[in-house]
Amino acid sequence: MAIRTTPIFYALLLAAGILLFSPGFGWAQEGLISGSQDGAIEIEADNGIEWLRDLQQYRAYGNATAKRGTVTVIADTLVAYYREEDGRQVIFRLDAEGNVIIKSDGSEAFGDKAVYHLDKKVAVLVGKDLQVVTDRGTITAEESMEYWEEKRIIVARGNALAIQNERRLKAGVLTAFIEPGEEGQSSRVTRIDATSGVHISTPTDIVTGKEGVYNVPEEKATICGKVKITRGSNQLNGECAVVNMLTGRSTLQGKSAGDKVKGLILQTQ
């Protein structure tokens with residue numbers, strides 16, 4: 001269940017490209033374009049872009065699109081909030097509202113609204129059908145998906161589910177830890193922490209417990225806390241289990257050396 005992708009929430013970091021408006025920042029027929037050619041941002045909208053000086057906002061309406069490099073944010077409305085500092089407009093928040101799609105290096109995120117708080121360096125995606133889709137799998141959640149820039153983590157909350165092929169990792173909260181890739185390569189998820197109840201399903205086993213850690217490079221998950229492994233009509237109970245997500249094989253363990261594990265094995269004809 002390897003997951004390797006540029007974190008989709010980096011897309012909201014495009015706001016950094018308009019963090020400081022240069023004197024050359026201006027209007028263009030096709031949209032709003034930053035004055036700097038390095039990391040330039042272009043915003044387009046079918047129904048126009050307006051500058052609300054009294055509210056200190058820029059708003060783009062109707063199939064609004066913001067592009068920077070390989071990142072594209074699409075929404076019904078894009079809103080940039082700024083404050084005045086030393087004669088410059090400093091963006092401190094960027095909102096994408098309505099039918100939000102964020103595309104980056106082959107991955108896509110979907111939601112109803114995305115908010116990036118530049119001061120806190122935290123991005124939040126919310127909506128009814130939250131999901132991040134990559135070439136390696138899909139992550140969904142019911143409450144929210146967060147990206148914490150400085151901690152380099154993505155947090156999926158509310159029946160969070162990571163899916164790849166026939167393998168599923170589900171928990172109340174999934175926290176993915178990200179490492180930057182080498183030059184020319186995408187960032188990658190190296191570990192996923194699962195809390196608030198864990199449920200793993202493979203083609204052969206169902207494993208449940210209180211919490212777990214998925215080592216992505218090794219494709220092994222360690223689940224602990226009243227663990228149950230179910231295979232057909234058979235069930236094993238213990239304190240911890242190691243699940244090979246590649247083979248689907250599960251191994252039950254005690255919390256410490258000498259701890260007993262229990263199993264109910266039904267006879268077959």
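Residues numbered from 1 in each chain as written. Predicted model: local features only at pLDDT ≥ 70, side-chain atom pairs only at ≥ 80, totals over all residues. Heavy atoms only, no water.

Undergrad: Please give an account of the overall build of the protein chain that cites residues and values.
TA: Broken down by element type, the protein chain carries 0 helices and 21 strands. Taking the contacts inside the protein chain whose residues are at least 6 apart along the sequence as the reference set, 38% of them involve residues at least 24 apart. For the protein chain, the exposed surface amounts to about 14300 Å²; the carbon and sulfur share of it is 46%. (Helix = DSSP H or I, 4+ residues; strand = E, 2+ residues; numbered from the N terminus. Contact = heavy atoms within 4.5 Å. Areas by Shrake-Rupley, 256 points an atom, 1.4 Å probe, with all protein chains shown as cover.)

Undergrad: How would you sum up the packing of aromatic side chains? Please name residues and give values.
TA: This structure, assessed with the given rule, holds 3 aromatic pairs. For the ring pair Tyr58 and Tyr82, a centre distance of 5.7 Å and an interplane angle of 40° mean the geometry is tilted. Residue Tyr58 is found in strand E5 (residues 57-68), and its partner Tyr82 is found in strand E6 (residues 71-85); the two are separated by 24 residues along the sequence. For the pair formed by Tyr58 and Tyr82, the shared burial category is buried. (Phe/Tyr/Trp six-rings, centres within 6.5 Å; stacked < 30°, edge-to-face > 60°. Buried < 20%, exposed > 50% of the residue type's maximum accessible area, 1.4 Å probe, protein only.)

Undergrad: Give a detailed account of the side chain of Asp95, specifying residues and quantitative values.
TA: With respect to the secondary-structure elements, Asp95 resides in strand E7 (residues 88-104). Judged by relative accessible area, which is 0%, Asp95 ranks as buried. In terms of polar contacts, Asp95 uses its side chain to reach the side chain of Arg93, at 2.8 Å. Look past the residues within four positions of Asp95 in its chain and what remains in contact with it is Thr77, Leu78, Val79, Tyr81, Lys113, Ala114 and Val115. (Polar contact = N/O pair within 3.5 Å; in protein donor to acceptor, adjacent residues only side chain to side chain.)

Undergrad: Mind laying out the confidence of the model for the protein chain, listing which residues take part and the relevant values?
TA: With 76% of its residues at a pLDDT of 70 or more, the protein chain shows a mean pLDDT of 78. Within the model, the stretch residues 2-39 combines pLDDT values under 50 with 114 contacts to residues more than four positions away or in other chains. (pLDDT = per-residue confidence, 0-100.)

Undergrad: Which residues make up the side chain of Glu146, and what values go with them?
TA: Checked against the element boundaries, Glu146 lands in strand E12 (residues 144-148). Given the relative accessible area of 10%, Glu146 is considered buried. Of note is the side chain of Glu146, whose polar atom sits 2.9 Å from the side chain of Trp148.

Undergrad: Account for the nonpolar core, with residues named and values stated.
TA: Grouped together as the largest cluster of nonpolar side chains are 52 residues, with contacts concentrated most on Leu78, Leu169, Leu174, Ile192, Ile200 and Val207. Setting aside residues up to four positions removed in sequence, Leu174 forms contacts with Ile154, Val155, Ala156, Ala160, Leu161, Ala162, Leu169, Ile192, Asp193 and Ala194. (Core = buried A, V, L, I, M, F, W, Y, C linked by side-chain atoms within 4.5 Å.)

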